[in-house]
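A closer look at the structure
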Amino acid sequence: MVVYYQIAGKQVGSHVLAMSVLGALFGGVGLATRGGGQPKPATPPIQASSKDEENFIQDFLKQVNGEEKKKDH
């Protein structure tokens, strides 16, 4: 036994409404609990020609960022 409802000028069966509500519910829960991606790095990647150069750049950036934090406080 199906009850029909008039929605937006069309007759829709109660079973269709029930499946739509459950689909929207489970779909929404599935999308909400997927989780985000990995956090993006705060700085662009360092393209150094050697490991020493990369270490120097990283140390310099740490030093500069450390001085900026001290000035802010």
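Source: prediction; values computed, not measured.

Helix and strand content of the protein: two helices and two strands. Of the regular secondary structure in the protein, the N- to C-terminal order runs β-β-α-α. Split into buried and exposed, the 73 residues of the protein put 3% on the buried side. A total accessible area of about 7,000 Å² is found for the protein, and carbon and sulfur atoms account for 60% of it.

Turning our attention to the pairing of strand S1 (residues 4-7). Two elements, S1 and strand S2 (residues 10-13), share four bridges in a ladder whose sense is antiparallel. By the bridge assignment for S2, Tyr 5 is matched with Val 12. In textbook terms, the turn of a hairpin is the stretch between consecutive antiparallel strands, and for S1 and S2 this stretch comprises two residues, one of which, Ala 8, has a positive phi near 55°.

Attention now goes to the UniProt feature "transmembrane region" (unreviewed entry) in the protein. According to UniProt, the feature "transmembrane region" (unreviewed entry) maps to residues 12-32 in the numbering used here. Within the segment residues 12-32, helix and strand shares are 90% and 10% respectively, and the terminal C-alpha atoms sit 28 Å apart.

Within the fold, Gln 47 resides in the loop between helix H1 (14-32) and helix H2 (51-72). Taking relative accessible area as the criterion, Gln 47 reaches 76% and is therefore assigned exposed. Along the sequence, Gln 47 and Ile 57 sit ten residues apart, while their C-alpha atoms lie 9.9 Å from each other.

Rules behind the numbers
- Residues numbered from 1 in each chain as written.
- Predicted model: local features only at pLDDT ≥ 70, side-chain atom pairs only at ≥ 80, totals over all residues.
- Heavy atoms only, no water.
- Helix = DSSP H or I, 4+ residues; strand = E, 2+ residues; numbered from the N terminus.
- Buried < 20%, exposed > 50% of the residue type's maximum accessible area, 1.4 Å probe, protein only.
- Areas by Shrake-Rupley, 256 points an atom, 1.4 Å probe, with all protein chains shown as cover.
- Pairing = 2+ DSSP bridges.
- UniProt positions renumbered as here; feature names shortened; annotations may be inferred.

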